[in-house]
Amino acid sequence: MPLLNVPKEVAVGTAMLGVAFATGVLAGKRYPSFIFGTPSGKMDKNSPLQQYILDHSLREHPILKKLRLLTSDHPHGRMMVSCEEAQLMANLAKLIKAKKVIEIGVFTGYNALSMALVLPNDGRVIACDINEDYAKIGRPLWKEAGVEHKIDLRIKPAIQTLDELLANGEAETFDFAFIDADKESYNEYYEKCFHLIKKGGIIAIDNVFWNGKVLKPRKDDLAAQSIHHLNEKLLRDARVNISMLPVGDGVTLAFKL
């Protein structure tokens, strides 16, 4: 798929991700856990290699670290995006000079904070969730980091928020979207985000491995079925260039052409 109509920053970013993925595959041949790690489909968080990656690549803002540690004590702390994945999303947003971001699935707001920290002062993150209690954990830290004004938290079904944005004439005005909410709605989130994202923008879809369950989705596992169908659809979607990366529980980056 040609990249002639895509900003050079995105073309360079896509090439860099391709190199990164190839490196991961080669490393995986020597260290099998690098790609799939455990039978669940993710690298073991306690593996020496995972710790090496964090020790030699993570540049975590002090307030991000504070929120991560706070979230780790929560009973549902495992729902938080991995810190290395959040850093990658922020780096990509900065690479394409993003100003408008959509986040579907906020939880305690770690990724929203990570994105807000790299956006310009007039940038904004439309943060969609249905549970305000989780977001209340991170909100004081958004303020402490000085970026609370950049995060527009909308507590309602994400589909409703996305429809409102489209109805308000905001189609093709967003630079980046991050999807990490109920898996059964992934395809609908993707399609609506596609119409909101401008050409050259990025849609990131999280949990595309779904703990390895996408390899053989059970008929009664609607989440695994939904993710698997979207993975197959994205492979054939000529409207985007894609990279599926073994980061966290798997993340696919779709670059709108």
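Everything that follows concerns the structure shown earlier in this document.
**A short note on the packing of helix 4 (residues 83-95) against helix 5 (residues 110-118)**
- Where helix 4 meets helix 5, the closest approach of the two axes is 9 Å, and the angle between their N-to-C directions is 30 degrees. Regarding the angle of helix 4 to helix 5, the classification is roughly parallel. Judged by the sense of rotation from one axis to the other, the crossing of helix 4 with helix 5 is right-handed. Mapping the contact onto sequence places Cys 83, Ala 86, Gln 87, Met 89, Ala 90, Ala 93 and Lys 94 in helix 4 and Tyr 110, Asn 111, Ser 114, Met 115 and Val 118 in helix 5.
- Of the residues assigned to the contact of helix 4 with helix 5, the class counts are 8 nonpolar, 3 polar and 1 charged.

**Let's talk about the state of the cysteines**
- Inspection of the entire model under this criterion finds 0 disulfides.
- Free of any disulfide, Cys 128 has its nearest cysteine sulfur in Cys 193, 7.9 Å distant.

**Quick look at the packing of helix 8 (residues 186-196) against helix 9 (residues 222-236)**
- With their axes 9 Å apart at the nearest point, helix 8 and helix 9 run at an angle of 40 degrees to one another. On the basis of the axis angle, helix 8 is oblique to helix 9. In this structure, helix 8 uses Tyr 186, Asn 187, Tyr 190 and Glu 191 to contact helix 9, whose residues at the interface are Ser 226, Ile 227, Leu 230, Lys 233 and Leu 234.
- The class makeup of the residues in the contact of helix 8 with helix 9 is 5 nonpolar, 2 polar and 2 charged.

Conventions used here
- Residues numbered from 1 in each chain as written.
- Predicted model: local features only at pLDDT ≥ 70, side-chain atom pairs only at ≥ 80, totals over all residues.
- Heavy atoms only, no water.
- Axes fitted to C-alpha atoms, helices over the stretch in contact; angles between N-to-C directions.
- Helix = DSSP H or I, 4+ residues; strand = E, 2+ residues; numbered from the N terminus.
- Parallel < 35°, antiparallel > 145°, perpendicular 65-115°, else oblique.
- Left-handed = near helix turned anticlockwise from the far one by under 90°.
- Contact = heavy atoms within 4.5 Å.
- Nonpolar A, V, L, I, M, F, W, Y, C, P; charged D, E, K, R; others polar.
- Disulfide = S-S within 2.5 Å.

Nothing here speaks to function; it is all geometry.
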